[in-house]
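Survey of secondary and tertiary structure
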Amino acid sequence: MSDFTRVYFEGLGIEFDLPSVAFSIGGYEVHWYGIIIAFGFALAVLYGGRMAYKWKMSLDGMVDVLLWGTVFGIICARAYYVIFQWDYYSIHPSEIIAIWNGGIAIYGGIIGALIGAKIGCKVGKINFQNLLDLGALGLLIGQGIGRWGNFFNQEAFGANTDTALFRMWSLKIRDSLVQDQADLLSKGMEVDPDKAVHPTFLYESIWCIAVFVLLHIVVTKFRKFKGEIFLLYGIFYGLERTVVEGMRTDSLYVPNTAIRVSQLLSAVIVVVFTIWLIIMLVKLKKGTLSRKYLINPPPIPFVLPSAPVVVSYKYTNSKGTSSDTDFFKVMKEDK
């Protein structure tokens, strides 16, 4: 292992060396960031596969969803980040694909995964609403574990604090703050590179794991309609992100403003998803919710058609009047 940095946790009174590289194969370095992201992804897939089996969803179809969602999720997560950091990447285009150095955006990943999952559901004939619920739980697992990749990279930290129990500091954090100090000040955030910071990666990790436990209980015992867990995920995660994003020093901003993209988007999601959830619950109570959202929809009653009128036709050789000649005349009789 190589590339160590000394990390200090002032509130806990501990310090230790933290590696960013796990091992090397030939001349290729394998980073802890990638390993942890992959581990979180694998656990999310295992959980989703288990739940899909219990819900009698096609496992072949789930593979289609997984492939499409993964590809689109990775591409969009990176693209989202690069777009809002274009001032840097336009000068360093060779780093656009260097995802192993960090720099992905969870909302970009979610958008991409939803697009890919929609395609996968059509290909694999999977119920999209059920998939949204499974996907939300999988995202919480992936985010809860994946945030520790940020810790090994010493990124996704917050502003200065001298009260947080898990406040931390390292040379990497200091160098990052020195580099961004002027830009942060222009956006109204004053930082001291030599003071400890909020471990915002930890806040989000704990929150995501806690919400996963809560929603797992809901999905196994209290779920009322398909898509409910996805809406609850948006509300709970959006609440956390709205608060924690305001502490971070590495936020993506709307160009030429001090508005944090993820904070604004999170607030919008909380409002929209809360209204959406209320509407769905009201429709469910009134019995007007569409069948595709019902978990156990009642069978469609079979209605026999009304008794038809029996009609018979009789052909006779009749003789017409006047100048008419013989012809076949259709005689209709109602019975």
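Structure's up top.
Here's what I pulled together on the structure shown here. (Residues numbered from 1 in each chain as written. Predicted model: local features only at pLDDT ≥ 70, side-chain atom pairs only at ≥ 80, totals over all residues. Heavy atoms only, no water.)

Moving on to helix H6 (residues 171-186). Compared with an ideal rise of 1.5 Å per residue, which puts 16 residues at 22 Å, H6 spans 23 Å between its outermost C-alpha atoms and is within 8% of the ideal. Considering bend angle alone, the principal kink of H6 is centred on Asp-180 and spans about 55°. Buried within H6 we find Ile-173, Leu-177 and Leu-184. Looking at the buried side of H6, the elements it contacts are strand E4 (169-170). Positive phi appears at Gly-188, one or two residues downstream of H6, with a value of about 90°. (Helix = DSSP H or I, 4+ residues; strand = E, 2+ residues; numbered from the N terminus. Expected span 1.5 Å × (residues − 1). Bend = angle between axes of the 7 residues up to and from the residue. Buried < 20%, exposed > 50% of the residue type's maximum accessible area, 1.4 Å probe, protein only. Contact = heavy atoms within 4.5 Å.)

What follows deals with the pairing of strand E3 (residues 28-31). Pairing of strand E2 (residues 14-25) with E3, which is carried by 4 bridges, proceeds in the antiparallel orientation. For Val-21, the partnering residue across the bridge sits in E3 and is His-31. Connecting the antiparallel pair E2 and E3 is a turn made up of 2 residues, with Gly-26 showing a positive phi of about 65°. (Pairing = 2+ DSSP bridges.)

A few words on a nonpolar patch on the surface. Together, Ile-259, Leu-264, Val-268, Val-271, Val-272, Ile-275, Trp-276 and Ile-279 give the surface a local cluster of nonpolar side chains, amounting to about 690 Å² of exposed area. Within the fold, Val-268 resides in helix H9 (residues 261-286). (Patch = residues over 30% accessible without salt bridge, like charges linked within 9 Å, V, L, I, M, F, W, Y side chains within 5 Å. Areas by Shrake-Rupley, 256 points an atom, 1.4 Å probe, with all protein chains shown as cover. Salt bridge = Lys/Arg side-chain N within 4 Å of Asp/Glu carboxyl O.)

Across all of its chains, the model carries 17 aromatic pairs by this definition. Taken together, a centroid distance of 5.8 Å and an interplanar angle of 75° make the contact between Phe-151 and Phe-152 edge-to-face. For the pair formed by Phe-151 and Phe-152, the shared burial category is buried. Ring-pair connections join several aromatic residues into one group, and the members of that group are Phe-9, Phe-16, Trp-32, Trp-148, Phe-151, Phe-152 and Phe-201. The ring centre of Phe-128 lies 4.4 Å from the NZ or CZ of Lys-118, which sits over that ring. Just above the ring of Tyr-253 sits the side chain of Lys-187; from NZ or CZ to the centre is 4.9 Å. (Phe/Tyr/Trp six-rings, centres within 6.5 Å; stacked < 30°, edge-to-face > 60°. Lys NZ or Arg CZ within 6 Å of the ring centre and 35° of its normal.)

Time to look at the pattern of salt bridges. Scanning the entire structure with this criterion turns up 11 salt bridges. Notably, a salt bridge pairs Lys-187 with Asp-183, separated by 3.1 Å at the nearest N-O pair. For Lys-187, a relative accessible area of 24% translates into the label partly exposed. Across the salt bridge formed by Asp-250 and Arg-248, the nearest N and O atoms sit 2.9 Å from each other. By relative accessible area, Asp-250 is classed as partly exposed at 30%.

Take the side chain of Ser-262 next. Secondary-structure assignment places Ser-262 in helix H9. Owing to a relative accessible area of 6%, Ser-262 belongs among the buried residues under this scheme. Ignoring sequence-local partners within four residues, the contact set of Ser-262 consists of Tyr-80, Tyr-107, Arg-241, Glu-245 and Leu-252.

Once that is clear, we can look at the nonpolar core. Ranked by internal contacts, the top residues of the largest apolar core, which has 63 residues, are Leu-131, Phe-151, Met-168 and Leu-215. Ranked by the residues each element gives to this core, the list is headed by helix H5 (residues 128-153), at 11 residues. If we skip the residues at most four places from it in the chain, Leu-131 touches Met-57, Met-62, Val-65, Ala-117, Cys-121 and Ile-126. (Core = buried A, V, L, I, M, F, W, Y, C linked by side-chain atoms within 4.5 Å.)

This paragraph deals with H9. The terminal C-alpha atoms of H9 lie 38 Å apart, and with 26 residues this matches the ideal 38 Å at 1.5 Å per residue to within 8%. Looking at H9, one finds that the buried residues are Val-261, Ser-262, Ser-266, Ile-269, Val-270, Phe-273, Leu-277 and Met-280. Tucked into the core, H9 has its buried residues touching helix H2 (59-83), helix H4 (106-124) and helix H8 (228-244).

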